[in-house]
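Listed below, chain by chain, are the residues.
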Amino acid sequence: MSENINPYEIALQQLKIATERLGLDQWIYEVLKHPKRSIVVSIPVKMDNGETRVFMGYRVQHIDALGPFKGGIRYHPKVDLDEVKALAMWMTWKCAVAGIPYGGAKGGIAVDANKLSMAELERLTRRYTSMIMDIIGPYRDVPAPDVNTDAQIMAWILDTYSQFKGYLVPEVVTGKPVYLGGSEVRSEATAMGVFYCTREALEDKSVKGKRIVIQGFGKVGWNAARILYDHGAKVIGVSDSKGGIMSQEGLNPYKVYEHKAKTGSVINFPGVKTITNEELLELECDVLIPAAIENTITKENAGNIKARIIVEGANGPTTPQADKILIEKGVKVVPDILANTGGVTVSYFEWVQNLHREHWTREEVLRKLETMMVRAFYNVKNLAEKNEVTMREAALMLGVGRVAEALKTLGLWP
Ligand code: NAD
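Residues numbered from 1 in each chain as written. Predicted model: local features only at pLDDT ≥ 70, side-chain atom pairs only at ≥ 80, totals over all residues. Heavy atoms only, no water.

**Some words on unusual backbone geometry**
Then, number 1: Cis geometry marks the peptide bond from W413 to P414; its omega dihedral reads 0°.
Then, number 2: If you trace the backbone, P414 turns up in the segment after α14 (391-410).
Then, number 3: Despite not being glycine, R357 shows a phi value in the positive range, around 50°.
Then, number 4: With respect to the helices and strands, R357 occurs in the loop between α12 (342-356) and α13 (362-387). (Helix = DSSP H or I, 4+ residues; strand = E, 2+ residues; numbered from the N terminus.)

Here it is as structure tokens:
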């Protein structure tokens, strides 16, 4: 039978396991299962050719017991309500694991952004913003970039929101350009966090000479490749949606980036072997970093994975059945809700800087990020060892446990 890979079903299964391990009250489990608010909007956009097309947009806010909602906005043809609900729930646990005062949210539009012109993308983004306007805001819900969205899109959201308010509100989004109130390091923060987790997960705490394979060569994947390469790791394989490349001698990520900028993909990089995404995942390496989309490591390919360690840069890359296979094989997995919290952590720094009208230096941001990531890593690792569970279960126990404790103290009104 084929595996159920509906991400929301997976998120619910994970919540159930954590609830049982933590012995939570029934009412808390019931509340945590459901997002507090989900909105679905039909976004009409005038295309450059004069036609009007309507795109489906979503914003889901999970639980705000620990602070305002926070979460990325994704533009991808496969975006649907269940995916956004799962991603919002994972954001809640992620913020709690990272120790930052936010609740989880996520948004998205079902669109192939690569097929739109810049003008169409701008009209789509501004119209979507106007339609979710009432539920976002600096103390309500603060969006950020995710798959196929970037600093430019955040700037359009910021501008649209500010036009309605009548004054500039930089703290309504994070991941903005630095000159518009963005934080130093934000564009590479998730990858920086992936680097810290990779380093701490290795027995000798050094990435030097380690063979790394990265799936996805976008904001997270490319930056992780570059940072690891700069620290002496050997990046032997990378991929994007069109396929992958590999070289046992190691790739130079900067050169691969230039090639992708010119050709639109990492494939056919001169002098190295072009492979499929399946082959990439099965390469022999020290660390595999999935940094693309959900459900790329499944029961079909988990048995063939030869990495010793997996550090999940992407959200939900491993299905539950694949997870079981990896545990049996003794592969160490640093889970997404820990490994990719660098982005939301620096987003939180950006929000704090905006609220105080401050700008921190790169060194200051990196110092704070490393402290928080390393602390979160060992909080999870120690909990896993104490309870004899995997790091994924421990991270869920930590995240769900912190939110549950807050909910319990706040109580259920009325
Ligand atoms: P991005 O759009 O910048 O990059 C995504 C990359 O994945 C692209 O190179 C794309 O070609 C590739 N890709 C897409 N489908 C693929 C497939 N089936 N096989 C192989 N490659 C594929 O997105 P991003 O911001 O780098 O996000 C990547 C992942 O990291 C997502 O799961 C996202 O939710 C997660 N994440 C991102 C951030 C962030 O700060 N950007 C933070 C936390 C988690």
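What follows picks up the thread again.
**Focus on the sheet that holds strand β8 (residues 243-246)**
Then, number 1: Strand order in the open sheet formed by seven strands is β9-β8-β7-β6-β10-β11-β12, with mixed pairing between adjacent strands. Among the strands making up the open sheet, the edge pair consists of β9 (273-275) and β12 (332-334). When strand polarity is set aside, the average angle formed by the axes of neighbouring strands in this sheet is 20°.
Then, number 2: Alignment of strand β11 (residues 309-311) against β12, held across three bridges, turns out to be parallel. Paired with I310 across the bridge in β12 is V333. (Pairing = 2+ DSSP bridges. Axes fitted to C-alpha atoms, helices over the stretch in contact; angles between N-to-C directions.)

**Notes on the sheet that holds strand β4 (residues 103-109)**
Pairing between sheet strands relies on hydrogen bonds along the backbone, with the strands arranged either parallel or antiparallel.
Then, number 1: What the five strands build is an open sheet, ordered β1-β2-β4-β3-β5; its pairing is mixed. Each end of this open sheet is capped by a strand with a single partner; those strands are β1 (37-46) and β5 (141-145). If you compare each strand with its neighbour and ignore which way they point, the axes differ by 20° on average.

**Let's talk about the nonpolar core**
Then, number 1: Grouped together as the largest cluster of nonpolar side chains are 87 residues, with contacts concentrated most on L32, W93, I214, V238, I289, V311 and L338.
Then, number 2: Among the elements that take part in this core, α14 stands out by supplying eleven residues, more than any other.
Then, number 3: Residue-level mapping places this core at the junction of two domains, with at least three residues from each of domain 1 (35-169) and domain 2 (189-339).
Then, number 4: In terms of nonpolar packing, the next biggest core, distinct from the first, is built from 28 residues, Y128, V169, V172 and V173 among them. (Core = buried A, V, L, I, M, F, W, Y, C linked by side-chain atoms within 4.5 Å. Buried < 20%, exposed > 50% of the residue type's maximum accessible area, 1.4 Å probe, protein only. Domains from an automatic or database assignment.)

**Describing the side chain of E83**
Then, number 1: Looking at the element boundaries, E83 is found in helix α3 (residues 81-98).
Then, number 2: Apart from the residues within four sequence positions on either side, E83 is in contact with P7, R74, K78 and E294. (Contact = heavy atoms within 4.5 Å.)

**Let's talk about the site of the ligand**
Then, number 1: Taken together, 24 residues are adjacent to the ligand, and R74, D146, T190, V220 and N315 come closest.
Then, number 2: Between D146 and the ligand, the recorded distance is 2.9 Å, taken from a side-chain N or O atom to an oxygen atom.
Then, number 3: Within the contact set of the ligand, a nitrogen atom lies 3.4 Å away from a side-chain nitrogen or oxygen of N277.
Then, number 4: Coverage of the ligand by the protein chains reaches 86% of its 830 Å² of free accessible surface. (Near = heavy atom within 4 Å. Polar contact = N/O pair within 3.5 Å; in protein donor to acceptor, adjacent residues only side chain to side chain. Areas by Shrake-Rupley, 256 points an atom, 1.4 Å probe, with all protein chains shown as cover.)

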